[in-house]
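Working through the structure, step by step
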Amino acid sequence: MASRFKFWLAVILAIGFLFFCDAYLGEYSLGIVNNIAIFITLAISYNLINGVTGQFSLEPNGFVAVGAYVAAILLLNADSKLYQFDAAEPSNIILAIYTSNFILAMFISGVCATLLALLLAMPVFRVRGDYLAIVTLGFGFIIQLLAVNFPAFTNGSIGLNEVMRVDSNGGGDLSRFTNIFYSGGLAIFATVVILNLVYSKFGRAMKAVRDDEDAAIAMGINTFATKTTAFCVSAFFEGMGGALLVGLLGSVSPDQFTFMFTFLLLIIIVLGGLGSTTGAIIGTVLVIGGSEWLRFLDEPMNIFGYQTEAYPGLRMVVFSLVLIFVMLFARKGIMGQMELGDLFRGRRK
């Protein structure tokens, strides 16, 4: 009872933090927090299949790309599509679909990613380990190539731009769809859903699959259904995260969703601790926030009266050294497989 009270207290504090950010942070800082919140959703959903269920999947860039393109196509009206599609004439289907409701566009993006995950699960989970990584890696490349080679649906390599809305005051100003309440709200919702899933009977089945799949089969666990469900839940939130990225950046192109996007998420969940939702959140703050907070290292600095030159890229060198240092002293990540509550109780999962 006490642990549940602490859990919901943490949720209330997180919601209060969103209102604090909206009221007191400037545009630049708010943009960083928005980005962190989006990547929290992506990291904890990726951790569900990769860390909790133990399936070495390299697919997030594909599902995020699907969500991003679906949202962009839905949020652009027919006139905007006709204006933007230079690589080819837009398909009639693309011209016909439109909504100005961003929450609806987010949900549809998540559903589309989930349906794709359901179709992909049949061939993907026929293999394990490194073979699974290769299959899911190929899926990410396929999505990127489809985005380039079907310009009537995606505008090819040019991508889609100006995914923005008219300001609510009625003026001509354009604003982004994504705000701190959408990005932060989804991060909180995804965290609540995934933590409740992990601590449920189904969550124990996922951990059994991770620890020893053959033993899990012998105990009567339907490992295919377990892995497929985790895969679909992960894809749903990744698709919605893709919609939030489009709403924040105002554009989408195939170059945004290369393997490096997946690799970034992999760094986050390994740094935080595979299997730990709390670790994924901490890893996101350190990786996404740290890369921005160290940006001053790229600029000229005055160190004890000595004026240094600008060294573009120095922040990434320092950031990489910090990551190496952390991983040397925390081989299983910052949290291991523990959550915050386990840490307070001194119990390792």
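A short tour of the structure in this document, coming up.

This part covers the pattern of salt bridges. Taken as a whole, this structure holds 4 salt bridges when the rule is applied. In this structure, Lys227 engages Glu213 in a salt bridge whose closest nitrogen and oxygen atoms are separated by 2.8 Å. Note that Lys227 is positioned in helix 12 (residues 223–249) and Glu213 in helix 11 (residues 213–218), a separation of 14 residues in sequence. An identical accessibility class is assigned to Lys227 and Glu213; each is buried.

Residues Val317, Leu321, Ile324, Phe325, Leu328 and Phe329 make up a contiguous nonpolar surface patch of about 670 Å² in total accessible area. Assignment of secondary structure puts Phe329 in helix 15 (residues 314–329). By relative accessible area, which is 67% here, Phe329 ends up exposed.

Residues spaced three or four apart along an α-helix point in a common direction, a consequence of the helix completing one turn every 3.6 residues. Counted at 1.5 Å a residue, the expected span for helix 15 with its 16 residues is 22 Å, and the 23 Å between its end C-alpha atoms agrees. For helix 15, the set of buried residues is Arg315, Phe319 and Leu323. Considered in projection along helix 15, the buried side chains sweep an arc of 70° and stay on one side of the axis. Exposed and facing more than 90 degrees away from the buried side of helix 15 are Leu321, Phe325, Leu328 and Phe329. Elements that come into contact with the buried residues of helix 15 comprise helix 13 (259–272) and helix 14 (277–293).

When two helices pack together, their arrangement is given by the angle between their axes and by how far apart the axes lie. It is the contact of helix 2 (residues 27–52) with helix 9 (residues 180–198), at a shortest axis distance of 8 Å, that shows an interaxial angle of 20°. It follows from the interaxial angle that helix 2 and helix 9 lie roughly parallel. Considering the relative orientation of helix 2 and helix 9, their crossing is left-handed. Here helix 2 contributes Leu30, Val33, Asn34, Ala37, Ile38, Ile40, Thr41, Ile44, Ser45, Leu48 and Val52 to the contact with helix 9, which in turn contributes Ile180, Ser183, Gly184, Leu186, Ala187, Ala190, Thr191, Ile194, Leu197 and Val198. Here the residues of the contact of helix 2 with helix 9 sort into 15 nonpolar, 6 polar and no charged.

The next subject is the environment of Leu119. If you trace the backbone, Leu119 turns up in helix 6 (residues 102–124). In this structure Leu119 comes out as exposed when scored by relative accessible area, which is 65%.

What follows deals with the state of the cysteines. In total, this model carries 0 disulfides according to the counting rule given. Residue Cys232 stays outside any disulfide, its sulfur separated by 13 Å from that of Cys112, the closest cysteine.

Cut-offs applied
Residues numbered from 1 in each chain as written. Predicted model: local features only at pLDDT ≥ 70, side-chain atom pairs only at ≥ 80, totals over all residues. Heavy atoms only, no water. Salt bridge = Lys/Arg side-chain N within 4 Å of Asp/Glu carboxyl O. Helix = DSSP H or I, 4+ residues; strand = E, 2+ residues; numbered from the N terminus. Buried < 20%, exposed > 50% of the residue type's maximum accessible area, 1.4 Å probe, protein only. Patch = residues over 30% accessible without salt bridge, like charges linked within 9 Å, V, L, I, M, F, W, Y side chains within 5 Å. Areas by Shrake-Rupley, 256 points an atom, 1.4 Å probe, with all protein chains shown as cover. Expected span 1.5 Å × (residues − 1). Arc of directions from axis to C-beta. Contact = heavy atoms within 4.5 Å. Axes fitted to C-alpha atoms, helices over the stretch in contact; angles between N-to-C directions. Parallel < 35°, antiparallel > 145°, perpendicular 65-115°, else oblique. Left-handed = near helix turned anticlockwise from the far one by under 90°. Nonpolar A, V, L, I, M, F, W, Y, C, P; charged D, E, K, R; others polar. Disulfide = S-S within 2.5 Å.

These results come straight from atomic positions and should not be treated as a statement about function.
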